[in-house]
Amino acid sequence: MSSDVRFTDFKSDKQPTWCPGCGDFGTMNGMMKALAETGNDPDNTFVVAGIGCSGKIGTYMHSYALHGVHGRALPVGTGVKMARPDIEVMVAGGDGDGYSIGAGHFVHAVRRNVDMSYVVMDNRIYGLTKGQASPTSRSDFETSTTPEGPKQPPVNPLALALASGASFIAQSFASDALRHQEIIQEAIEHDGFGFVNVFSPCVTFNDVDTYDYFRDNLVDLQDEGHDPNDYEAAKEVILDSDKEYQGVMYQDENSVPYHEKHGVTEDMSEIPDGAPDDAMDLVREFY
Amino acid sequence: MAEDLNWAVGGEAGDGIDSTGKIFAQALARAGRHVFTSKDFASRIRGGYTAYKIRTSVEEVQSVVDRLDILVALTQRTIDENLDELHDGSAIIYDGERSWEAEIPDEMTAVDVPLKSLAEDAGGAIMRNIVALGAACEITGFDVEYLDEALEKRFGGKGSQIVENNKEAARLGQEYVAENYDLEHLGYSVETTDNDYVLLNGNEAIGMGAIAAGCRFYAGYPITPATSIMEYLTGRIEDYGGHVVQAEDELSAINMALGGARAGARAMTATSGAGIDLMTETFGLVATSETPLVIADVQRSGPSTGMPTKQEQGDLNMALYGGHGEVPRFVITPTSITECFWKTVEAFNLAEKYQTPVFLVSDLAMSVTEQTFPPEAFDMDDVEIDRGKLVDDDEVDEWLDAQGHFRAHAVTDDGVSPRAIPGTVDGAHMSTGLEHDELGRRTEDQDERVQQVDKRYRKVETAQEEENWDYREFGDEDADNLIISWGSNEGALVEALDYLKEDGIDVRVISVPYIFPRPDLSEEIEAADDVIVVECNATGQFADLIEHDVLTRVKRINKYTGVRFKADELAEQITEQLSAEVPA
Ligand SMILES: Cc1ncc(C[n+]2csc(CCOP(=O)(O)OP(=O)(O)O)c2C)c(N)n1
Ligand code: SF4
Ligand SMILES: [Mg+2]
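Conventions and cut-offs
Residues numbered from 1 in each chain as written. Chains lettered and ligands numbered in written order. Predicted model: local features only at pLDDT ≥ 70, side-chain atom pairs only at ≥ 80, totals over all residues. Heavy atoms only, no water. Helix = DSSP H or I, 4+ residues; strand = E, 2+ residues; numbered from the N terminus. Rg over C-alpha atoms; globule rule 2.2 N^0.38 Å. Contact = heavy atoms within 4.5 Å. Areas by Shrake-Rupley, 256 points an atom, 1.4 Å probe, with all protein chains shown as cover. Buried < 20%, exposed > 50% of the residue type's maximum accessible area, 1.4 Å probe, protein only. Lys, Arg positive; Asp, Glu negative; His and termini not counted. Charge placed at Lys NZ, Arg CZ, Asp CG, Glu CD. Donors = N, O, S within 2.8 Å, 3.2 Å for Na, K, Ca; no water. Salt bridge = Lys/Arg side-chain N within 4 Å of Asp/Glu carboxyl O. Buried area = accessible area lost by both parts, 1.4 Å probe. Polar contact = N/O pair within 3.5 Å; in protein donor to acceptor, adjacent residues only side chain to side chain. Nonpolar A, V, L, I, M, F, W, Y, C, P; charged D, E, K, R; others polar. Pairing = 2+ DSSP bridges. Domains from an automatic or database assignment. Axes fitted to C-alpha atoms, helices over the stretch in contact; angles between N-to-C directions. Bend = angle between axes of the 7 residues up to and from the residue. Near = heavy atom within 4 Å. Core = buried A, V, L, I, M, F, W, Y, C linked by side-chain atoms within 4.5 Å. Patch = residues over 30% accessible without salt bridge, like charges linked within 9 Å, V, L, I, M, F, W, Y side chains within 5 Å.

Some details on the overall build of chain B
What chain B contains, in helices and strands, is 18 helices and 21 strands. In terms of overall size, chain B behaves like a compact globule, its C-alpha atoms giving a radius of gyration of 26 Å where 584 residues would be expected to give roughly 25 Å. Taken over the C-alpha atoms alone, chain B extends approximately 90 × 60 × 40 Å along its principal axes. Taking as baseline every contact in chain B between residues at least 6 positions apart, the subset at least 24 positions apart corresponds to 73%. For chain B, the exposed surface amounts to about 21,400 Å²; the carbon and sulfur share of it is 42%.

What follows is the structure in structure tokens.
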């Protein structure tokens, strides 16, 4: 990897078609900067994008990338990383992609602790399908499919991660560019599954969870003297539904990533021209 | 016709039926005999009956028949379930000291052996099945020393004492029968040869083929009867630098495998029944992102949960048409256990050469049947690997556009684009399930859309021209009677030929391992008077395809009881069909 990689190297020449002011601009900028800052370059980076407005980053960023099926981004990232431990893998998608249709994968990706980062661009709405309730929408949030609100509590993704045995849990705000980038960087550098829920406002369909709302309510854990290695303290902030926090809530200092636990260290793309030399042993086993 | 012996052990699930049967099969293989095994989960009555059946001969055997010569019955139900197959000369080994009163038809020979007590004498009641194997050796004149070798293989890992106890148990069984019965008049004997055979099932052959072909990443979710592929690979693929991951469901499994493949590994997943339904979600993505992926479907009886431990060939239409939109793909169906190996190797080459999903469609019957082969049938020197248009750092340049972007979906004459994997300098690109341009970026431009659809289908056309899509052929090439089959029915058909010949009926058998693309059978069908398509499903999915291809009606033999075809049964049905009218 070259040291002179700049974040713009991670930018494709496709102009984003997000609505002007969409939080995803800031979210993506932070991702690109963090990737460059951590010494990665596009040819050694694999980005997996979900389906949604958020999923368009696959097109707007430049790297090896797959933009797949709604909700299945984490399994794809898992496969890439297992086959190629040498490649930096970043998975990104929306709150619907990650916590609704892909919720099952989220729980298990967290448990598996594969060494990759997962950025959820949480706008508390389905943006691409034009404004339906998402799993993180407030219970009284009125949308075209929930005229009186979903009338069910929103998922707390951080708590879901904690309950699934996460080794890194963080939250950031797309508009706080520096902190957002720093937090993504920490997720990338974390030895294991680095999960960041990013407040990435949808200016078109969500008039509640706005920039102003987050600006007024955001509490930065850094300013609170929070110790991310303290599980009990992490639990407290994660379960505190009265505040919106930014920062690394929890990081397991002793995290052992999947590939180390399972001894998955080889570049699986390299194979011999024929059957392996001792392959006849496999046949002899059946004597 | 092969001089064969048909042997079975049966009891309740949990009686160790499988491992007992396997030990006997291995002993026979060690003695240079051919073996073809089948598992009966089928119950004509109710409950947990299970049996392991062995057909053995010095000649090759590739089917079960409706005859049972020696039965080790651990329950009365085992006898009742098999009354149709037992005959006057059958011997039934059972334990008269156990609580059940064996009801054995008078014509048959009841061999009452105190299995449990003798096992206790040898060191533990758990070895009662081994005592029965010793008894079976005596009835057939089969040298127990062959059994010793199989016992060493099975129990060697548990220490020499266990092995010795088991050998002793076998001897006690043998001696008991020798002392208490004179069964020579039954006329059973087991000839041995110096041949060395390996004994394996279809799923093991698929797993071994995958490793041989360079598959290094497997993601799956347990489901009968596909799980044993995953179990085979686990603990072996690591020796070659690979890994098996158990996903949270099949939605995930296929996407993990896809991720592994995009990262440059030869990757596969395998499933069955409802699992393939879940995977259908991702078929289109594999095709449009042009990812080389092998998807194995070990068919079982459906629909829905159906009969999960029973045979069926009901997924042909799913493999051909599953998924919304139009999904280019290859569909391969191995026709025997050795072919499970070779077609797996082929599947990986096709997947990488054409960057297209390959469906490897096998079935339950092949997955549980253990069969003997000379080891050369899996000659690893014959394994060839073709990675297609994989480009390295130097070759990438040829495929960059004016702005230096890699054209991962370049429109080419043969339809195949260059493939750069992560780490290749200047090869970075996106692939997507959205329709895209040559660079992999979303487009709804009509011309680009048409170009990409066409190039994906052009790959199939190229493959159709470049690759071998031949059928396998048996019997009399000039016969007026043509039987067509796909998948695992081949062995039973080949043996049915012997029965038919005895009745003076000549038949040509065409066994088709390629469903898409598939061989053109018009000439063969034209030349025949009678055409019968044989398959294990109710509606005749392959017969429908053939009728569609050649625009004539064919006769059909369909079996959907959940049990595979048997050679003698098939011969009977063919004879019947030959005199039946062709459907209007
Ligand atoms: C299987 C499937 N069901 C439904 C859709 C339609 N769909 C596309 S994006 C989306 C929700 C996106 O919400 P989110 O993940 O929050 O992303 P956002 O657009 O808000 O960034 C849905 C339901 C789909 N693409 N695939
Ligand atoms: S709809 Fe919302 S999420 Fe989508 S681009 Fe516009 S602002 Fe962003
Ligand atoms: Mg959203």
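Focus on the overall build of chain A
A tally of regular secondary structure across chain A gives eleven helices and eight strands. Summarising its shape, the C-alpha atoms of chain A cover approximately 70 × 45 × 40 Å along the three principal directions. In chain A, which comprises 287 residues, the proportion classed as buried is 58%. Here the contacts in chain A between residues at least 6 apart in sequence split such that 72% fall between residues at least 24 apart. If you sum the accessible surface of chain A, you get close to 11,400 Å²; carbon and sulfur atoms cover 45% of it. On chain A, the mean spot of the 20 positive side-chain charges and the mean spot of the 46 negative ones are 6 Å from each other.

A look at the coordination of the magnesium ion (ligand 3)
Residue and element names in this part refer to chain A. The protein atoms donating to the magnesium ion (ligand 3) are Asp 95 (OD), Asn 123 (OD1) and Ile 125 (O), with metal-donor distances spanning 2.1 to 2.2 Å. Sequence spacing of the donor residues for the magnesium ion (ligand 3), all on one chain, is D-x27-N-x1-I. Placement of Asp 95 in helix H4 (residues 95-99) and of Asn 123 in the loop between strand S4 (117-122) and helix H6 (157-163) is noted, with a sequence separation of 28 residues between them. Given a relative accessible area of 2%, Asp 95 falls into the buried group.

Here's the deal with the pattern of salt bridges
Residues and elements named next belong to chain B. For the structure on display, the rule yields 54 salt bridges over all chains. The salt bridge partner of Arg 508 is Glu 473, with a shortest N-O separation of 2.6 Å. On the criterion of sequence distance, the pair formed by Arg 508 in strand S18 (residues 507-512) and Glu 473 in strand S16 (residues 472-475) is long-range, its members being 35 residues apart. The class of Arg 508 is buried, set by a relative accessible area of 11%. A residue is classified by how much of its surface remains accessible, and Glu 473, at 30% relative accessible area, is partly exposed. Through salt bridges with shared partners, a single ionic network connects Asp 4, Arg 55, Arg 67, Asp 69 and Glu 495.

Remarks on the interface of chain B and chain A
Residue-level contacts link 69 residues of chain B with 50 residues of chain A. Interface area for chain B against chain A, summed over the two sides, is near 5,000 Å², with a carbon-plus-sulfur share of 64%. Between chain B and chain A we count four salt bridges in total. The residue A:Arg72 makes a salt bridge to B:Glu281 at a minimum N-O spacing of 2.7 Å. On inspection of chain B and its partner chain A, the count reaches 26 residue pairs in polar contact (both at pLDDT 80 or more). Looking at the side of chain B that touches chain A, the elements that each hand over two or more residues are strand S7 (198-201), helix H7 (202-212), strand S8 (215-220), strand S9 (243-246), helix H9 (250-262), helix H10 (273-288) and strand S15 (430-432) of chain B. For the side of chain B that touches chain A, the element with the most residues is H9(B), which contributes eight residues. Grouping the amino acids of the side of chain B that touches chain A by side-chain chemistry returns 32 nonpolar, 20 polar and 17 charged. Here three bridges tie strand S2 (residues 64-67) of chain A to S15(B), and the two strands are oriented parallel to one another.

Digging into the domain arrangement of chain B
For chain B, the assigned domains read domain 1 (5-196), domain 2 (200-382), domain 3 (395-466) and domain 4 (472-578). Using only C-alpha atoms to locate each centre, domain 1 of chain B and domain 3 of chain B end up separated by 59 Å.

Some words on the sheet that holds strand S13 (residues 357-363) of chain B
Residue and element names in this part refer to chain B. Pairing in this open sheet of seven strands is mixed, and the strands run S9-S8-S10-S11-S13-S12-S19 from one edge to the other. Edge positions in the sheet fall to S9 and strand S19 (514-516), since each has one partner strand and no second. If you compare each strand with its neighbour and ignore which way they point, the axes differ by 20° on average. Inspection of the sheet shows strand S10 (residues 266-271) paired to strand S11 (residues 293-299) by four bridges, in the parallel sense. By the bridge assignment for S11, Thr 269 is matched with Ile 295.

Quick word on H10(B)
Residues and elements named next belong to chain B. Within H10, the axis deviates most sharply at Glu 281, by approximately 45°. For H10, every residue scored as buried is listed here: Gly 273, Gly 275, Ile 276, Met 279, Thr 280, Thr 282, Phe 283, Leu 285, Val 286, Ala 287 and Thr 288. Positive phi shows up at Glu 290, right after H10, with a value of about 55°.

Some points on the site of ligand 1
All names here are of chain A. Lining the immediate surroundings of ligand 1 are 16 residues, of which Cys 53, Ser 54, Asp 95, Gly 96 and Asp 97 lie closest. In the environment of ligand 1, an oxygen atom lies 2.8 Å from a nitrogen or oxygen atom belonging to the side chain of Ser 54. One nitrogen or oxygen atom from the side chain of Asn 123 is found 3.0 Å from an oxygen atom belonging to ligand 1. Compared with its free state, where it exposes 590 Å², ligand 1 has 74% of that area covered by protein. Examining the composition of the shell around ligand 1, we find that three residues originate from one element, H4, more than from any other. Taken together, the residues of the shell around ligand 1 break down into six nonpolar, eight polar and two charged.

So, the nonpolar core
Counting 96 residues, the largest nonpolar core has A:Ile169, A:Phe195, B:Ile484 and B:Phe542 as its most contacted members. Non-local contacts of B:Ile484, meaning those with residues more than four positions away in its chain, are made with B:Ile510, B:Val512, B:Leu521, B:Ile525, B:Val531, B:Ile532, B:Val533, B:Val534, B:Phe542 and B:Ile546. By size, the runner-up hydrophobic cluster in this structure holds 55 residues, among which are B:Phe341, B:Leu360, B:Phe378 and B:Trp469.

Re the side chain of B:Arg266
Inspection of the secondary structure puts B:Arg266 in strand S10. For B:Arg266, a relative accessible area of 2% puts it in the buried group. At a separation of 2.8 Å, a polar atom in the side chain of B:Arg266 contacts the main-chain carbonyl oxygen of B:Ala213. There is a polar contact of 3.0 Å between the side chain of B:Arg266 and the backbone oxygen of B:Asp386. Not counting chain neighbours up to four residues away, the residues in contact with B:Arg266 comprise A:Ile271, B:Ala213, B:Gly214, B:Cys215, B:Arg216, B:Phe217, B:Phe348, B:Asn349, B:Glu352, B:Ile385, B:Asp386 and B:Arg387.

Describing the sheet that holds S2(A)
Strands in a sheet are paired, the pairing made by backbone hydrogen bonds, and the direction either parallel or antiparallel. Read across the sheet, nine strands follow the order S7(A)-S8(A)-S5(A)-S6(A)-S4(A)-S3(A)-S1(A)-S2(A)-S15(B) without closing on themselves; strand pairing throughout is mixed. Edge strands, defined here as strands with exactly one partner in the open sheet, are strand S7 (218-220) of chain A together with S15 of chain B. With strand direction ignored, the average angle separating the axes of adjacent strands in the sheet is 20°.

Quick notes on a negative patch on the surface
Residue and element names in this part refer to chain B. The grouping of Asp 392, Asp 393, Asp 394, Glu 395, Asp 397, Glu 398 and Asp 426 at the surface amounts to a negative patch. Positionally, Glu 398 belongs in the loop between strand S14 (370-373) and S15. On the basis of relative accessible area, Glu 398 is assigned to the exposed category, the value being 59%.

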